Amino acid sequence: MTATARLPFMPVKKAIFPVAGLGTRFLPATKAQPKEMLPVVDKPLIQYAVEEAYAAGVREMIFVTGRHKRPIEDHFDMTYELEVALEKAGKQELLDIVRSVKPDDMECIYVRQAQALGLGHAVLCGQRLVGQEPFAVLLADDLMVGEPPVLAQMVEQYAEWRASIIAVQEVPADHTRRYGIVAGTPVNERLLDVSRIVEKPAPEAAPSRLGVAGRYILTPGVFHEIAHQPRGVGGEIQLTDGIASLLRREKVFAYRYAGRRYDCGSKEGFLQANVELALQHPELGPGFKAYLAGLSA
């Protein structure tokens with residue numbers, strides 16, 4: 001396929017969630033539970049990502065897991081005893097919350113990543129389940145808040161351009177080593193026609209300050225590129241490198257999303273998310289705001 005070819009339209013119905021990481025930055029909290037199950041206010045991180053995907057029209061959730069990730073499976077499974085207990089107690093509101101975790105029309109599928117060989121490898125583990133369809137990738141570490149939800153914004157862009165869409169944001173120059181960095185030609189105020197993408201460059205080598213956030217919509221062509229590339233930064237199979245190779249065959253766009261990203265892979269970002277989302281919570285917000293005001297008085 002040439003870089004100018006336009007793919008036939010297919011809706012984005014599948015999403016990959018790479019959740020096999022060890023979460024070492026949150027030890028000892030993650031010694032016995034997945035980092036994706038750490039709660040932000042009243043929901044685990046992974047649920048925020050799944051709800052975002054569902055709101056964007058995704059119905060098949062593919063979790064690429066590792067050892068000790070069973071709590072994620074349990075979270076999205078039916079809890080018969082709990083539901084019966086809540087129903088008998090007449091606690092309908094809590095029962096509705098429990099049942100809303102996995103809507104009836106949502107399918108959850110789990111595949112193991114036997115070795116931690118990088119994000120690109122994790123995405124490749126979902127290839128057979130994705131097939132020849134476009135798909136989303138959501139990193140639960142990045143809690144994204146937007147209206148409409150960030151992935152829904154990207155699905156709308158995909159429907160128009162029928163090409164891979166990568167969420168990006170401006171990052172400080174001294175943070176480029178933390179991100180994939182993109183460069184390209186502006187299409188409009190939010191969209192960039194990507195000509196180059198580099199994984200975690202030094203500030204002096206970075207082609208721009210546009211860093212990739214943890215949301216992607218990718219065409220199935222990326223699987224071939226990932227599978228045939230050498231290991232990259234850190235000796236890992238990098239998704240960024242696969243996308244860089246895809247650029248030789250297909251268009252890729254970077255999208256400046258409207259919303260807020262919390263880096264919950266860091267303790268600071270995790271705490272920020274808890275505070276800011278607690279303040280926005282319809283029940284907890286007013287009381288929590290008063291509490292914080294009392295601390296600063």
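Note that the structure is predicted; figures quoted are calculated from it, not measured.

Asks: Kindly report on the nonpolar core, identifying the contributing residues and their values.
Replies: Burial of nonpolar side chains together is a common tendency in soluble globular proteins. Counting residues in hydrophobic clusters, the biggest one holds 37 residues, and the most contacted among them are F17, I46, F63, F76, L151 and I217. At the level of elements, β1 (14–18), α1 (45–55), β4 (60–65), β6 (135–138), α7 (150–161), β8 (164–170), β11 (210–218) and β12 (252–256) are the ones that each hand at least two residues to this core. At six residues, the largest contribution of residues to this core is made by α7. The residues touching F17, leaving out its near neighbours within four places in the chain, are I46, A49, V50, A53, M61, I62, F63, V64 and L138.

Asks: Pulling in residues and values, what's your account of the pattern of salt bridges?
Replies: Across all of its chains, the model carries 15 salt bridges by this definition. A salt bridge links E83 to R99; the shortest N-O distance between them is 3.2 Å. Pair noted here: E83 is in helix α3 (residues 80–88) and R99 is in helix α4 (residues 92–100), with a separation of 16 residues, a long-range link. When its relative accessible area of 39% is taken as the criterion, R99 is described as partly exposed. Overlapping salt bridges bring together K14, E60 and E133 as one network.

Asks: Describe the environment of L94, and please don't skip the residues or the numbers.
Replies: Within the secondary structure, L94 is located in helix α4. By relative accessible area, which is 44% here, L94 ends up partly exposed. It is 42 Å that separates the C-alpha atoms of L94 and W161, two residues lying 67 residues apart in sequence.

Asks: For the environment of D241, give the residues involved together with the corresponding values.
Replies: Along the chain, D241 turns up in helix α9 (residues 239–246). Separated by 11 residues in sequence, D241 and P230 have C-alpha atoms that sit 8.9 Å apart. Ignoring sequence-local partners within four residues, the contact set of D241 consists of E199, Q229 and G232.

Asks: How would you summarise empty space enclosed by the protein if you had to cite specific residues and measurements?
Replies: In this structure the tally under the stated criterion is one cavity of 30 Å³ or more. Taken as a whole, the largest cavity holds about 40 Å³ of empty space. Taken together, L45, Y48, A49, E52, A140, D142, L143, M144 and R215 make up the full set of residues lining the largest cavity. Listed by contribution, the elements that provide at least two residues to the lining of the largest cavity are α1 and β7 (142–145). Sorting elements by how many residues they give to the lining of the largest cavity places α1 first, with four residues. Split by residue class, the lining of the largest cavity holds six nonpolar, no polar and three charged.

Asks: So what's going on with the packing of aromatic side chains? Which residues, and what values?
Replies: One pass over the structure, following the stated rule, counts seven aromatic pairs. Here F63 and Y110 contribute two aromatic rings whose centre-to-centre distance is 5.0 Å and whose plane-to-plane angle is 15°, an arrangement assigned as stacked. Here F63 is found in strand β4, whereas its partner Y110 is found in strand β5 (residues 107–112), with 47 residues between them in sequence. On the basis of relative accessible area, F63 is assigned to the buried category, the value being 0%. Between F288 and Y291, the aromatic rings sit 6.2 Å apart at their centres with planes inclined by 20°, giving stacked as the arrangement.

Asks: Kindly report on the layout of surface pockets, identifying the contributing residues and their values.
Replies: By volume, the largest pocket amounts to about 1400 Å³. Along the walls of the largest pocket sit 48 residues, with R25, K35, L139, D141 and K200 positioned nearest its centre. Among the secondary structure elements, those contributing two or more residues to the lining of the largest pocket are α5 (119–124), β8, β11, α9, β13 (260–263) and α10 (267–280). Mapped onto the lining of the second largest pocket, the elements with two or more residues apiece are α1, α4, β7 and α10.

The rules behind the values
- Residues numbered from 1 in each chain as written.
- Predicted model: local features only at pLDDT ≥ 70, side-chain atom pairs only at ≥ 80, totals over all residues.
- Heavy atoms only, no water.
- Core = buried A, V, L, I, M, F, W, Y, C linked by side-chain atoms within 4.5 Å.
- Buried < 20%, exposed > 50% of the residue type's maximum accessible area, 1.4 Å probe, protein only.
- Helix = DSSP H or I, 4+ residues; strand = E, 2+ residues; numbered from the N terminus.
- Contact = heavy atoms within 4.5 Å.
- Salt bridge = Lys/Arg side-chain N within 4 Å of Asp/Glu carboxyl O.
- 1 Å grid on protein atoms, 1.4 Å probe; cavity = no way out; pocket = protein on both sides within 12 Å on 5 of 7 lines; lining within 4 Å.
- Points joined across faces, edges and corners; volume = space filled by probe spheres on them.
- Nonpolar A, V, L, I, M, F, W, Y, C, P; charged D, E, K, R; others polar.
- Phe/Tyr/Trp six-rings, centres within 6.5 Å; stacked < 30°, edge-to-face > 60°.

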